[in-house]
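Here are the chains, one letter per residue:
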Amino acid sequence: MADTAGHAHDVIEGLLDEQRVFPPSDEFRAGAIIRDDSVYREAESDFEGFWARLAEEFIDWYEQPTECLKWTAPHCTWFEDGVLNVSVNCLDRHIDAGHGERVAFHWEGEPADDTRDVTYDELLAETCRIANGLKSLGVRRGDRVGLYMGMVPELPAAMLACARIGAPHVVIFGGFSAESLADRLDSAGAKVLITQDEGWRKRLKIPLKENADAAADRVPSVERVVVLRRTGDPVPWNDDRDVWLDELAADQPDTCEPERMGAEDTLFLLHTSGTTAKPKGVQHTTGGYLLQAAVTHKWVFDIHDDTVWWCAADIGWVTGHSYIVYGPLANGTTSVLYEGDPACPDWDRHWEVIEKYRVTAYYTAPTLIRSFVKAGPEYPAKHDLSSLRLLGTVGEPINPEAWLWYWRYIGGERCPIVDTWWQTETGGILITPLPGVTELKPGSATVPFPGIQADILDEAGEPVVRGSGGFLVVKNPWPGMFRTLWQDDERYVEAYFSKYEPSIYVVGDAAKQDDDGYFWIMGRIDDVINVAGHRLSTTEIESTLVEHPAVAEAAATGAADPVRGQSIVCFVLLKSGHDQTPELAEDLRHFVADKIGKIARPAAVLFGDDLPKTRSGKIMRRLLKDIAEGHELGDTTTLRDAEVVVDLKQKADLVMGRSN
Ligand code: WTA
């Protein structure tokens, strides 16, 4: 397996070689929406024509676009003279087609008996009442509206209400602090903020209104705060600024004339979940974004009329925007929307929900799958998961071992797993299997979606040889790509399009391609570890550790080393039933050296009970690096649980022989 011979132009060395292949079953292929490679060939011969055809098929336009792509790198427009309204595409047209009574969301609150089915008819009525309410507060086309809420049906309704009146929304994840909220509202210049009294999370009530108040106090653009009653507890109140959502919407008509929007008008801003620096306000459009979300949702997840879809992400992230709200609703899909924590009341909550609603397609993040692995297969075993026919993952590279666990214990060895690679900036999925066509390899996001030209370049901009790692890039525009960063076009150009030619989008991830052309994401470029001139992928080291029977989750980071540049320090969480002993740490160091090569032998393996993660569940390697190097910890405000790092730091200082 190991090959440590570096290539002259390597940006990063590819050392792991995962060989297992899972072709689609005949049965799945026979029922799949896309079952042969003709869409790839169509897009290859004319990617603009391909998207133009889909724009006709997937979107109802008031005025059909006559234009397709205009590309003055790095800026593009798609379907610029097209006129549409996103909420009409997500709601009215399904109702007009006779599907008003179809369930849009099976909503499941965190407290178990708190559930509600919301039909398309009901969602449209609620959307219109909120839209009219916003108008009565003076919100006009082009004004920004902040949404700081939990996972309740009123959040998609509020997003669609904004789309109905042409006011870009800015959703801020309900787990963010008042300060993070204020920064985002301020940078977007939001005029109104919609929030709720409190949100439910892990049986605790999260004080959303209190945080909203603290933020609104600091942000002069916010004129009014609209409050949904969720828990019903009393909250601080400011008569001049605050209004209850039910009171605002109660007397409003449940119809609202949709605004006719240009395809290139802004649908929303969303700040990237970046772990450092000032968050970027990623700007998405009305036409191109909706198209990308709808097409990728339908094809990648193989959505049929009888699909029961569950994307278990939070609407506060782009995954929720594209695959809870816009993609599924544009396709008239029935979804599950779950409010709370996956371990509430216990680790089988998701499996219980899948059984209850007969979910057929389930999409989640590797970080959660690894938590499920840690909890153990006895949890899914308690439930009937036979309704499932497809599984998906997003957000991080998935370790082959976690993939195989998911395949076996959740998918019953019959469900294809689509590992989907994309970003807030890309708007929709760009590298992914199509489940009726693509042979799967655990740990690989496989191949670019039709119409996407991805490549891997070295420092000089030359394609790397197959098998070596480099900079993942996309060489042509796609409809759902972000158009710029809000009020900071310079940063858009500089951060994403300046490394090579301005037409080449630099993703920021390291990746390699195997001999079959499959893409393997190797982590963020900034996280690559350089040991004595060998640039190693965090993902490969972590995947190897997770192959060990005792390991549930691992994170690798580079610590400064006077001799070797960097040395590898690994943080490991064990499966239950294994003890954190020095012998096991030693064993794991050898295990990595055996599997990938001596160069990758960790200098230290540290055990923890948890890892520092961002609120979207990504491991914060910057903090792990601080811990490994014995530095004072940098900014921990974006952490989900700040206690975790204190504990790890104590352990690290002990193991590395530092007294404090
Ligand atoms: C990572 C989430 C490997 C990657 C939709 C990317 C992945 C960043 C995958 C974007 C995947 C996302 N395999 N890595 N399937 N999907 N990533 O903006 O580093 O929250 O650049 O968007 O997540 O994160 P974001």
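Residues numbered from 1 in each chain as written. Predicted model: local features only at pLDDT ≥ 70, side-chain atom pairs only at ≥ 80, totals over all residues. Heavy atoms only, no water.

A. Region of interest: the environment of lysine 499. Structurally, lysine 499 is set in the loop between α16 (489-496) and β24 (505-513). Given a relative accessible area of 37%, lysine 499 falls into the partly exposed group. In sequence terms lysine 499 and alanine 216 are 283 residues apart; their C-alpha atoms lie 38 Å from each other. Setting aside chain neighbours within four positions, we find lysine 499 in contact with Glu459, Phe471 and Val506. (Helix = DSSP H or I, 4+ residues; strand = E, 2+ residues; numbered from the N terminus. Buried < 20%, exposed > 50% of the residue type's maximum accessible area, 1.4 Å probe, protein only. Contact = heavy atoms within 4.5 Å.)

B. Local environment of helix α3 (residues 47-58). Between its terminal C-alpha atoms α3 stretches 16 Å, which fits the 16 Å expected from 12 residues at 1.5 Å a residue. For α3, every residue scored as buried is listed here: Phe47, Phe50, Trp51, Leu54, Ala55 and Phe58. On an axial view of α3, the arc spanned by its buried residues comes to 140°, and they lie on one face. (Expected span 1.5 Å × (residues − 1). Arc of directions from axis to C-beta.)

C. How the structure looks around the side chain of threonine 307. Mapped onto the elements, threonine 307 comes out in the loop between α10 (287-300) and β16 (308-311). A residue is classified by how much of its surface remains accessible, and threonine 307, at 5% relative accessible area, is buried. A polar contact is formed between the side chain of threonine 307 and the backbone nitrogen of histidine 304, at a distance of 2.7 Å. When residues no more than four places from it in sequence are discounted, the contact partners of threonine 307 are Asp302, Thr333, Thr334, Thr360 and Ala361. (Polar contact = N/O pair within 3.5 Å; in protein donor to acceptor, adjacent residues only side chain to side chain.)

D. The arrangement of the pattern of salt bridges in detail. Under the definition given, this model contains 49 salt bridges. Salt-bridge contacts for arginine 230 lead to aspartate 114; the nearest nitrogen and oxygen are separated by 3.0 Å. Of this pair, arginine 230 sits in the loop between β11 (224-228) and β12 (242-244) while aspartate 114 is found in the loop between β4 (103-108) and β5 (115-119), placing the two residues 116 residues apart along the sequence. Exposure remark for arginine 230: the relative accessible area of 15% places this residue in the buried category. Residue classification places aspartate 114 among the partly exposed residues on the basis of a relative accessible area of 27%. (Salt bridge = Lys/Arg side-chain N within 4 Å of Asp/Glu carboxyl O.)

E. Layout of the nonpolar core. Residues Ile194, Trp299, Phe301, Tyr326 and Leu472 are the most contacted members of the largest nonpolar core, which totals 121 residues. Sorting elements by how many residues they give to this core places helix α6 (residues 154-165) first, with 9 residues. Apart from residues lying up to four places away in sequence, isoleucine 194 is in contact with Ile130, Leu134, Val145, Gly146, Leu147, Tyr148, Met149, Ala158 and Val226. Membership of the second largest hydrophobic core comes to 32 residues, among which are Val336, Ile354, Leu388 and Leu440. (Core = buried A, V, L, I, M, F, W, Y, C linked by side-chain atoms within 4.5 Å.)

F. Highlighting the sheet that holds strand β21 (residues 454-457). Spatially, β21-β22-β24-β25 is the arrangement adopted by the 4 strands of the open sheet, whose pairing is antiparallel. This sheet does not close on itself; its edge strands, each paired only once, are β21 and β25 (519-524). With direction set aside, neighbouring strand axes in the sheet form an average angle of 45°. In the sheet, strand β22 (residues 469-474) pairs with β24 via 5 bridges, with the strands oriented antiparallel. In the sheet register, valine 473 faces β24, and the bridge partner there is valine 506. Contacting β24 and β25, helix α17 (residues 538-547) crosses the sheet at an angle of about 100° to β25. (Pairing = 2+ DSSP bridges. Axes fitted to C-alpha atoms, helices over the stretch in contact; angles between N-to-C directions.)

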